[in-house]
Amino acid sequence: MTDELKVSVVVPVYNPGRYVEDCIASLLRQSLPAEEFEAIFVDDGSTDETPARLDALAAEHPHMRVIHQENSGWPGKPRNVGIDAARGEYVFFVDNDDWLGDQALERMYAFARENDSDVVIGKMAGKGRGVPRELFRRTYPKATLATAPLIDSLTPHKMFRKAFLDENNLRFPEGRRRLEDHVFVTAAFFAAKTISVLSDYVCYYHVRREDSSNAGFQRMDPHAYFANLNEALDIVEANTEPGRLRDGLYRRWLRVEMVERLRGSRLLAAPPDYRRELFDEIADTCERFGPGVAAGLPPSQRVVAALIRARRLDDLVRLAHWESGIRHHAELEDLAWHGGTLRMSLTSQLRAGREPMTFRHVDGRDILDPPLSAEAAELVSAAELDATDRLTQSKVDVILRSRDNGAEHYLPVTFTSDRPGVGAGDSTFALELRTEATLDADTAAGGAPLERGIWDVVARISSCGWRKDTRLGSVRTARAGAHRAPAVAGTPPRVITPYWTDKGNLSVDVAQRTSSVGNDLLISGAATLGPARAAADSAGSADGVGESELLLALPLRTVVATEIDVAAVQLLHEGSGVAVQVPGRLVPYVHDGMGCSRLSAQFSRDALSAGRWSVRVRLVAAEQGTFVPLPVTVTVPAGVGLPALNEFGRRAGSNGHVPFRDSEDGAGTTEGLRPELLAWLRTGGRLGRRAGRSLGRRAGRLVTTRLRRDRG
């Protein structure tokens, strides 16, 4: 291997077991040629089968290297050993249970060279782990701590210029300790001349193990943890003057490492003795912050910071019980195709339990009104409860989340806000946001086409310091259910299918990853089969059409904006298995006032032997889609006579559609049911499965009876 390498990937390794395989596989799949990068696995004294696995990997692949060392207790030393051994122009740190996008190294290196970057941060996706989101809303060729939310990204999973690390003597703190990455990355941010953020491709997948044994998920010792945290704060203090920038950087640690640990379910989950120990360390650390740090927090977090400052743990616990019930209530009002894009309309609000989150309008200001004790209320100032500005900044995002790898893409949205009054007085109100999101499969992935797969639709509300996600669709209007339909859209054309999961959630199948498109594709009772010449005569285009030619016309619920001439129809003889395939033509069509399509195909009667033929259709080119069976057959008589077209029934939902059931599936049809009835149905299904077949049948009958009563 040449000494002129572009990238050295450094992977600290300790007893990962099978979890290292995804990391290895992603490195072997890199689009950057193997002769242009190396991977250095630094085995930190593993006691499982990993050392032998890595040695075998290195023996087979020359660009994979392994360094074995005695256990050091934490990733700092292995990463430092990797830096010293690296021969690449850039060094990229990867954890042994994470993995890379296939083009990550190639794209990040090219971006680094293009911008002469010291540090490159590639877009991250979390699988069970939190990752920065606001940072990756756009690409930054050149970012600073003052112009971009870089401080939200303090994990080491970045690409650093090797010479930059050496010139600034940047190395990780070693030994068994926490937040070594915060210390390293914060110092690097201040030392770097150019920091770049690449957000148009998911470069890094941050993965939570199924056994939650990642190092970062182990319970920390509060005293040691906050001693390490103060080291990072010391770096900020040494490189900034008192003022807005320092306060803003400090605020990241106050918000993430302190306030959020003492809120809602996270605080309630901690045992009381540990809760007290954690609280005391946080309160001590907060004493180094000036008033400007907490002042920049949103009101819900300012309240928590005020109670920390007053050392009121009991009041924080009471507040946490209330906050643990706050959720995002989103109703899907409509979804429909317009010119090849899917538009989704929804209303959103925060709810505390079953009731809307309320605010009070007092003396021209909007005030957050949390349930505080009389003593706590005296300790929290009016300024800390003031939500006026933050309410105007409230927003809703609609996000596509990959079922395969957790990658997220934000859809373009527009929204308006309303403040409906609550109660008899005129000073108490709730906030309601009305949002319209647009899904264009050609551009939804940061300007690029969506990958083939299942994409779950998530609505996220951000307001006053709360950010709550909910799956969209389980609460929806009848109009949204009636307008849901697949479409053929994009360049090249692909089948895009919005569908309801068994829990009522909205997901989108891109390019027929599942069979969802076929379940309610055919418009019942409208298909025709007859002589092609007769149809051509009526259209004035009978020239060249033979007497034995037949025309099959299939009205489909699929929406198309323009004619698709790469479709196909396949007839499959149910006795012999012989297949006859002919080109198809998919054109826009209107049925009962609804936009849909009609697929027409012409074939010769002479090509069909006697018997029954099942019908399958492909709506797009062969490389973009697959054949889908329809609930229709063609019966060809043994003698003379025209073939007959026969439809067979399918069990349908309340709007006539047959719902597709994906991996979230339970028992029974859920189309059109209210959420409380869905809960009854799922409960009955679970009871039935636990109790066995006999009890399951009885439970199913009981649930069905209840559903009929409630729906009647």
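Please refer to the structure higher up on the page.
All residue numbers refer to position in the chain's written sequence, counted from 1. It should be noted that, the model being predicted, local features are given only for residues of pLDDT at least 70 and side-chain atom pairs only at 80 or more, the latter also being counted only at that level, while totals for whole chains, interfaces and linings use all residues. The basis for every side-chain value is the complete set of non-hydrogen atoms in the structure, without hydrogens or water.

**Student:** Would you mind showing me how to read unusual backbone geometry here?
**Tutor:** Comment: phi is negative for the bulk of residues other than glycine, and the bulk of peptide bonds are trans. Residues Thr 491 and Pro 492 are joined by a peptide bond in cis, for which omega reads -5°. Along the chain, Pro 492 turns up in the loop between β22 (487-489) and β23 (494-500). Residues other than glycine seldom take positive phi values, yet Asp 116 does so here, at roughly 55°. When accessible area is computed with a 1.4 Å probe and restricted to protein chains, residues below 20% of their type maximum are described as buried, those above 50% as exposed, and intermediate ones as partly exposed. Here Asp 116 falls in the exposed class, since its relative accessible area comes to 51%. Helix and strand assignments come from DSSP, with helices taken as H or I runs of at least 4 residues and strands as E runs of at least 2, each series counted from the N terminus.

**Student:** What's the story with the nonpolar core in this structure? I'm lost.
**Tutor:** Within soluble globular proteins, side chains that are nonpolar generally end up buried alongside one another. Side-chain atoms within 4.5 Å link the members of a nonpolar core, which is a set of buried Ala, Val, Leu, Ile, Met, Phe, Trp, Tyr and Cys residues. Counting 152 residues, the largest nonpolar core has Val 9, Phe 41, Phe 92, Leu 150, Ile 308 and Met 344 as its most contacted members. A per-element tally of this core places helix α7 (residues 222-239) first, with 7 residues. Only heavy atoms enter the contact rule, under which two residues are in contact if any of them lie within 4.5 Å. Once residues within four sequence positions are removed from consideration, Val 9 is found in contact with Leu 27, Phe 37, Glu 38, Ala 39, Ile 40, Phe 92, Val 94 and Leu 105. Of all hydrophobic cores here, the second largest spans 32 residues; its members include Leu 556, Leu 571, Phe 603 and Leu 619.

**Student:** I'm lost on α7 in this one. Help?
**Tutor:** Helical periodicity: at 3.6 residues per turn, an α-helix aligns residues three or four positions apart in one direction. In a helix, the anticipated span is given by 1.5 Å times the number of residues less one. When the terminal C-alpha atoms of α7 are compared, their 26 Å separation across 18 residues agrees well with the 26 Å that a helix rising 1.5 Å per residue should span. Along α7, the residues classified as buried are Pro 222, Tyr 225, Phe 226, Asn 228, Leu 229, Asn 230, Ala 232, Leu 233, Ile 235 and Val 236. Looking at the packing, one finds that the buried side of α7 touches α6 (180-191), α8 (244-259) and α10 (272-286).

**Student:** For this particular structure, what's the right way to read empty space enclosed by the protein?
**Tutor:** If a probe as big as a water molecule is rolled over the atoms, it shows which places are left empty. In this analysis a 1.4 Å probe is tested at points of a 1 Å grid over the protein atoms alone, and where it fits but cannot get out there is a cavity; an open set with protein on both sides within 12 Å along at least five of seven lines is a pocket; lining residues have an atom within 4 Å of a point. Grid points are joined across faces, edges and corners, and a volume is the space filled by probe spheres set on the points. The tally for this structure, following the rule as stated, stands at 3 cavities of 30 Å³ or more. Looking at the largest cavity, its volume works out to about 50 Å³. Forming the walls of the largest cavity are Gln 349, Leu 350, Pro 356, Met 357, Phe 359, Ala 430, Leu 431, Ile 461 and Ser 463. At the level of elements, β11 (341-352) and β20 (453-463) are the ones that each hand at least two residues to the lining of the largest cavity. Each residue belonging to the lining of the largest cavity can be placed in one class, and the counts come to 7 nonpolar, 2 polar and no charged. For this classification, the nonpolar set comprises Ala, Val, Leu, Ile, Met, Phe, Trp, Tyr, Cys and Pro, the charged set comprises Asp, Glu, Lys and Arg, and every other residue, Gly included, is treated as polar.

**Student:** I'm lost on the packing of aromatic side chains in this one. Help?
**Tutor:** Within a pair of aromatic rings, the relevant descriptors are the distance that separates the centres and the angle that separates the planes. We call Phe, Tyr and Trp rings a pair once their centres come within 6.5 Å, taking the six-membered ring for Trp, and we label the pair stacked below 30 degrees between planes, edge-to-face above 60, and tilted otherwise. Enumeration according to the criterion identifies 12 aromatic pairs in this entry. Plain terms: the ring middles of Phe 160 and Phe 184 are 5.3 Å apart, the flat faces sit at 75° to each other, and that makes the pair edge-to-face. Placement of the pair is Phe 160 in strand β8 (residues 159-161) and Phe 184 in helix α6, with a sequence separation of 24 residues. We classify Phe 160 as buried; its relative accessible area is 0%. For Phe 184, a relative accessible area of 1% translates into the label buried. An angle of 45° between the planes, with centres 5.3 Å apart, marks the rings of Tyr 250 and Phe 289 as tilted. Linking Tyr 250 in helix α8 with Phe 289 in the loop between α10 and α11 (291-295), this pair joins segments that are 39 residues apart in sequence.

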